[in-house]
There are 2 protein chains.
Amino acid sequence: METFGDIIKTERESKGLILRKVASALDIDQAIVSKFERGERKASKEQVEKFAEFYNLDKHKLITSWLSDQIANSIFYEDNIKEVLKVAEEKAIYLKTIHDGK
Amino acid sequence: METFGDIIKTERESKGLILRKVASALDIDQAIVSKFERGERKASKEQVEKFAEFYNLDKHKLITSWLSDQIANSIFYEDNIKEVLKVAEEKAIYLKTIHDGK
DNA sequence: ATTAATTTGACTATTTTTGTCAAAACAAAT
DNA sequence: ATTTGTTTTGACAAAAATAGTCAAATTAAT
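These notes cover the structure that comes with them.

The next point concerns helix α1 (residues 4-14) of chain B. Residues and elements named next belong to chain B. Every buried residue of α1 is accounted for by Phe 4, Gly 5 and Ile 8. Axial view of α1: buried residues confined to an arc of 100°, hence all on one face. For α1, the exposed residues set more than 90 degrees away from the buried face come down to Glu 13 and Ser 14. Of the surrounding secondary structure, the elements contacted by the buried residues of α1 are α3 (30-37), α4 (45-55) and α5 (59-75). One or two steps after α1, the chain reaches Gly 16, where phi turns positive at roughly 65°.

Structure representation (structure tokens):
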């Protein structure tokens, strides 16, 4: 249950890199990278992909982590989380079929 | 699997109301109500609650429908929808515990 | 064909998000 | 304990997304 921030922070530390280096390599302000790591700001999908490439992480897994963070943050205060997500899944899969099949 | 828009449109029609009436009762521009019904614009939570009250619908159910629409729209193009939602559920439930328990 | 109802789109205002920067806080090392 | 390196914070401005208003266009009904 790691957040996107946890993942990129752990990865950076395991590689012994400092924020400034990562920031310049990815062309993102280091203050922003710091905020990403602590979940204070939300990265764009493009930025998530940059991190995946830079740290050599599975892009799909990282995006899954990032997307699920956002969804979780948008509904954690609701009291019928499971129901909401169950319905959301049905709808998403339905939308997917008409999207693909269209 | 009804969307929020489907619900409020069906409800309006079953009660034989015209957009203008609903719009004025809820103090929302009729163009916006029309767009809500067709899913072209996203309502705020306050607006969803207004609709629930006006049409005498279960507030939680309507919010569930509205929230799930949004989540579905945000991920339907992903190819691992189920995984994303599974992780999101774990995270949301976790966040809920620290939120409540805090 | 007239009237009524809905939908569309352009426009503005407001809010939210984004990036940038410098200073503050913190940590490590000498 | 002061210097040096790193991370975090917050203020600010620019840019983008969202929201509401309105009138005209379209569609439907009588």
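Resuming the write-up.
A few words now on the protein's contact with DNA strand C. In the vicinity of DNA strand C there are 15 residues, among which Ala 31 of chain A together with Ile 18, Leu 19, Ala 31 and Ser 34 of chain B approach most closely. Among the secondary structure elements, those contributing two or more residues to the surface near DNA strand C are α3 (30-37) of chain A together with α2 (19-26) and α3 of chain B. Split into classes, the residues belonging to the surface near DNA strand C amount to five nonpolar, three polar and seven charged.

Attention shifts here to the environment of Glu 78 of chain B. Position of Glu 78 of chain B among the secondary structure elements: in the loop between α5 and α6 (81-101). With 20 residues separating them in the primary sequence, Glu 78 of chain B and Ile 98 of chain B have C-alpha atoms 29 Å apart. For Glu 78 of chain B, the residues in contact, after removing those within four places along its chain, are Leu 67 of chain A together with Val 84 of chain B.

Our next topic: the relation of the copies chain B and chain A. Note on the identical chains: chain B maps onto chain A by a rotation of 180° and an axial translation of 0.0 Å, with an RMSD of 0.0 Å. Such a combination of rotation and displacement between the chain copies is what one expects of a two-fold axis. Comparing interface residues between copies, 100% of those in chain B also sit at the interface in chain A, which points to an isologous, same-surface contact.

Another aspect to go through is the nonpolar core. Membership of the largest hydrophobic core comes to 42 residues, with the highest contact counts inside it found for Ala 88 of chain A together with Ala 88 of chain B. Residues contacting Ala 88 of chain B, with those up to four places away along its chain left out, are Ser 68, Ile 71, Ala 72 and Leu 85 of chain A.

At the junction of the two partners, chain B supplies 29 residues and chain A supplies 29 residues. Sorting the residues of the side of chain B that touches chain A by element identifies α5 and α6 of chain B as the ones contributing at least two each. Among the elements that make up the side of chain B that touches chain A, the one with the highest residue count is α6 of chain B (16 residues). Of the residues that constitute the side of chain B that touches chain A, the class distribution is 16 nonpolar, five polar and eight charged.

What follows deals with the protein's contact with DNA strand D. Around DNA strand D there are 15 residues in total, and Ile 18, Leu 19, Ala 31 and Ser 34 of chain A together with Ala 31 of chain B lie nearest to it. Going through the elements one at a time, α2 (19-26) and α3 of chain A together with α3 of chain B are the ones with two or more residues in the surface near DNA strand D. Here the element with the most residues in the surface near DNA strand D is α3 of chain A; it accounts for five residues. Broken down by class, the residue content of the surface near DNA strand D amounts to five nonpolar, three polar and seven charged.

What counts and how
- Residues numbered from 1 in each chain as written.
- Chains lettered and ligands numbered in written order.
- Predicted model: local features only at pLDDT ≥ 70, side-chain atom pairs only at ≥ 80, totals over all residues.
- Buried ≥ 20, exposed ≤ 12 C-beta atoms within 10 Å, placed from the backbone.
- Helix = DSSP H or I, 4+ residues; strand = E, 2+ residues; numbered from the N terminus.
- Arc of directions from axis to C-beta.
- Contact = placed C-beta atoms within 7 Å.
- Near = placed C-beta within 6 Å.
- Nonpolar A, V, L, I, M, F, W, Y, C, P; charged D, E, K, R; others polar.
- Least-squares fit on C-alpha atoms with pLDDT ≥ 70 in both.
- Core = buried A, V, L, I, M, F, W, Y, C linked by C-beta atoms within 7 Å.

Remember, this is a structural readout, not a statement about activity or role.
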